[in-house]
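Each chain, written out:
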Amino acid sequence: MNDMSRIRPFLFAAGLTLMAPGALTAEETGPEKNEYAPEPGGLETFWNDVRFNGEISSLYTHTNPEEGIVNPNNSIKRIETGNWNTVARTEFSYKNRAAGINLRLEPWFSFERHFFDHAGGAPYSEENIQIGRYQAKFSGLIPRTTLAAQRGIVAWGPAFFGSPSNPFPDTSSTANPLEEEFGSDFLWMSHAFNGTWSMSAYQNYSRGSIDSVDSNPFKRAGTVAVHYNSYNYNVSLLAGNQEDYGPIYGAYGQWTLGEATVLYFDAGLRKRGRARYPVESSNILGGTYNSGKAVRKPEIVVGGSYTTADDTTFYGEYLFQGSGYSKGELDLARDIALAANENLVGAPALSEGTLGLAALNELPYLGQHNASLIVSRSIGDFDLTFQNQTNMQDFTGRLYGSVVYSYGPAKFTLSLLQAYGREGGAFRQSVDTQVVSGMLLRF
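Just so it is clear, the structure is predicted and the values come from calculations on it, not from any experiment. (Residues numbered from 1 in each chain as written. Predicted model: local features only at pLDDT ≥ 70, side-chain atom pairs only at ≥ 80, totals over all residues. Heavy atoms only, no water.)

A. Structural view of the environment of phenylalanine 138. Assignment of secondary structure puts phenylalanine 138 in strand S4 (residues 124-138). Once you skip the residues sitting within four places of it in the chain, phenylalanine 138 turns out to touch Gly100, Ile101, Leu103, Thr145, Thr146 and Leu147. (Helix = DSSP H or I, 4+ residues; strand = E, 2+ residues; numbered from the N terminus. Contact = heavy atoms within 4.5 Å.)

B. Seen up close, unusual backbone geometry. If you check the backbone angles, asparagine 73 has positive phi at about 55 degrees while not being a glycine. Within the secondary structure layout, asparagine 73 lies in the loop between strand S1 (50-65) and strand S2 (82-96). A positive phi is found at arginine 78, a non-glycine position, where the angle reads about 50 degrees. Residue placement: arginine 78 occurs in the loop between S1 and S2. On the basis of relative accessibility, which here comes to 46%, the residue arginine 78 falls in the partly exposed class. (Buried < 20%, exposed > 50% of the residue type's maximum accessible area, 1.4 Å probe, protein only.)

C. Region of the structure containing the confidence of the model for the protein chain. Per-residue pLDDT for the protein chain has a mean of 85; in total, 84% of the residues score no lower than 70. Element-level pLDDT for the protein chain is lowest in helix H1 (residues 42-48), with a mean of 59, against a maximum mean of 97 in strand S15 (residues 313-321). Counting interchain partners and residues more than four positions distant, the pLDDT-below-50 stretch residues 1-41 has 59 contacts. (pLDDT = per-residue confidence, 0-100.)

D. Highlighting the pattern of salt bridges. For the structure shown, the criterion picks out 11 salt bridges. Of the charged contacts in the structure, one is a salt bridge between arginine 428 and glutamate 66, with a shortest N-O distance of 2.3 Å. Highlighted residues: arginine 428 in the loop between strand S19 (410-420) and strand S20 (431-442) and glutamate 66 in the loop between S1 and S2, separated in sequence by 362 residues. A residue is classified by how much of its surface remains accessible, and glutamate 66, at 4% relative accessible area, is buried. Across the pair aspartate 310 and arginine 377 runs a salt bridge, and its minimum N-O distance is 3.6 Å. Here aspartate 310 is found in the loop between strand S14 (297-307) and S15, whereas its partner arginine 377 is found in strand S16 (residues 369-379), with 67 residues between them in sequence. Judged by its relative accessible area of 39%, aspartate 310 falls in the partly exposed class. On the basis of relative accessibility, which here comes to 32%, the residue arginine 377 falls in the partly exposed class. Taken together, the shared-partner salt bridges in this structure form one network comprising Glu55, Arg89 and Arg442. (Salt bridge = Lys/Arg side-chain N within 4 Å of Asp/Glu carboxyl O.)

E. Quick look at a nonpolar patch on the surface. Together, Phe52, Ile56, Phe92, Leu105, Ile131 and Phe443 make up an exposed nonpolar region whose accessible area comes to about 530 Å². Note that isoleucine 131 resides in strand S4. When its relative accessible area of 31% is taken as the criterion, isoleucine 131 is described as partly exposed. (Patch = residues over 30% accessible without salt bridge, like charges linked within 9 Å, V, L, I, M, F, W, Y side chains within 5 Å. Areas by Shrake-Rupley, 256 points an atom, 1.4 Å probe, with all protein chains shown as cover.)

Have a look at this one:
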């Protein structure tokens, strides 16, 4: 189910609880057992291990699209301006610790209403019933080995910016703190050699529930990882493959310097597909876009966190994305967009076609050099988060803030995303302002 406090998947160091010699466990100090009580039967034991949970979430998202030079009047990208999404999720699970069996099934029932402000964008509704999550995990078939088939998000690493070492698609949402991510189907296994060394392997085999949010062709991907874990640091080395883009090599890890400070990184050497790069041209716009040849380039996130005495946590990150635009390419892309806007009447086909090519760019971040500062704190029943992402080449960025209030089994959220900087910059491509409000009720 949902992890309400999460913006992006990230990893905290595991805490250790030390027990003094001779201390009594909770079981030893509990009520005295009745030696003559009958043992539960097999059916009773089975039903004692079955669980049922559920939740209902309802979120409304209002978006003000970028309607400037890269998307005049929202006529190029046709971004929806409103979205109301209500989802009922049920979870049936069976867990037998002794046998190492963990089974889970989550049917999702969703209703979604889409709203548009641009011409020809009539509102419409969608209803959907699907298996949002499932898991069949077995830990007792082979010693120190876990085997599983699962639908969900394959995510690892500590970075908010994402994971350059991960070949699988990530549909996580930063702006919707209560939104459950759609997931793909995959097989995975892990094996512990000892208390320090282990390995894992992942392979996707179907789009799963991603179909409802991602129109890109399904691409098979897989990876094998070797993990080293010690008391205060861990590191993982990965080698994988993504269909059409070939091998991906990567690593991630973190180092706990003390109770308050953690350093971490995530790196990959990979190709990014569906990238459109601006090039100079003799046409009236002075340039155009070509897809170019995907080249394997390095990406790395380095960051750290510090937690103060009042439990306020600060995160700082830097992302280098080798496949992103250089400063010259960012400037050329903006010049092309400006020229296209000036020629929308005189040369509409060329101008709109060029802006459309730019809109097809699917790089995770447009620029090469990016930085992020995140602050999070819990005050009573309130979880507060603030984030500032900035491109260090043109100094455009976006601010994000969220408040989640917990009251019994219910959570209420309000979040705001605001882009800033010059029009057509690295972080001024799609969304200008976005407000999300909603609630989630667990039962």
